[in-house]
Amino acid sequence: MSESLKQRYDVSAHDFASAGAASAAVKKTLKQLGFPPDFIRRTSIAMYEGEINMVIHGEGGVADVEVLEDSVIITLTDQGPGIADISMAMKEGFSTASDSVRELGFGAGMGLPNIKKQSDDFQITSELGVGTTLVITIRT
């Protein structure tokens, strides 16, 4: 692949029925392009966790995915409430999910830590009342 492939996915707020559709589409694309299974697994996990965070916390958002010859760059942008304390949000088990979200089996506080664990480069910026942006790079 000599050029990059760019894809954009809209992620709807509170739409648990469609949650994971974007990450499944990216997984399918990476398989079709012949990327290694471990790379596809790591990318799928990071993308899914970010997508779920946008559904739960971010009032929906946009996932921009750029597939390069040896890496994927995922930019997740939402217009949610923002993250008050990023260092706390990065701790395993910390969650601000509502009880109703937890009853659905989400909100265990593993999303951001899992994204970081699967990524080769992970950047997060957030502003209260404006939203949050994650830039995730995963290399083969």
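To be clear, the structure that these remarks concern was listed above.
The rules behind the values
- Residues numbered from 1 in each chain as written.
- Predicted model: local features only at pLDDT ≥ 70, side-chain atom pairs only at ≥ 80, totals over all residues.
- Heavy atoms only, no water.
- Pairing = 2+ DSSP bridges.
- Helix = DSSP H or I, 4+ residues; strand = E, 2+ residues; numbered from the N terminus.
- Axes fitted to C-alpha atoms, helices over the stretch in contact; angles between N-to-C directions.
- Parallel < 35°, antiparallel > 145°, perpendicular 65-115°, else oblique.
- Left-handed = near helix turned anticlockwise from the far one by under 90°.
- Contact = heavy atoms within 4.5 Å.
- Nonpolar A, V, L, I, M, F, W, Y, C, P; charged D, E, K, R; others polar.
- Salt bridge = Lys/Arg side-chain N within 4 Å of Asp/Glu carboxyl O.
- Buried < 20%, exposed > 50% of the residue type's maximum accessible area, 1.4 Å probe, protein only.
- Polar contact = N/O pair within 3.5 Å; in protein donor to acceptor, adjacent residues only side chain to side chain.

Let us now look at the pairing of strand β5 (residues 131-139). A regular strand places its side chains so that they alternate between the two faces of the sheet. Pairing geometry for strand β3 (residues 71-78) and β5, over seven bridges, is antiparallel. Residue Val 72 lies in a different strand from β5, and its bridge partner there is Ile 138. Across seven bridges, the pairing between strand β4 (residues 121-127) and β5 is antiparallel. Note that in β5 the partner of Thr 125 across the bridge is Thr 133. Hairpin connection from β4 to β5: three residues lie between these consecutive antiparallel strands, with Gly 129 at a positive phi of about 80°.

Helix α2 (residues 37-56) packs onto helix α1 (residues 21-32) with a crossing angle of 165° between their chain directions and a minimal axis gap of 8 Å. Taken together, the axis directions place α1 and α2 in an arrangement best described as roughly antiparallel. The way α1 lies across α2 gives a crossing that is right-handed. Where α1 abuts α2, its residues Ala 21, Ala 22, Ser 23, Val 26, Lys 27, Leu 30 and Lys 31 lie against Phe 39, Ile 40, Thr 43, Ser 44, Met 47, Tyr 48 and Glu 51. Of the residues contributing to the contact of α1 with α2, the split by class is eight nonpolar, three polar and three charged.

This brings us to the pattern of salt bridges. According to the stated counting rule, one finds four salt bridges in the structure shown. Two residues, Arg 8 and Asp 64, come together in a salt bridge whose shortest N-O distance is 2.6 Å. Here Arg 8 is found in strand β1 (residues 5-11), whereas its partner Asp 64 is found in strand β2 (residues 61-67), with 56 residues between them in sequence. Given a relative accessible area of 23%, Asp 64 falls into the partly exposed group. Its salt-bridge partner being Lys 117, residue Glu 92 comes within 3.5 Å of it at the nearest N-O pair. Highlighted residues: Glu 92 in the loop between α3 (86-89) and α4 (99-103) and Lys 117 in helix α5 (residues 111-118), separated in sequence by 25 residues.

Turning next to the environment of Asp 64. The spacing of Asp 64 and Ile 86 is 22 residues in sequence and 22 Å in space, taken between C-alpha atoms. Setting aside chain neighbours within four positions, we find Asp 64 in contact with Gln 7, Arg 8, Ile 73, Ile 74 and Thr 75. Here Arg 8 takes part through its side chain, which lies 2.6 Å from a polar atom of the side chain of Asp 64.

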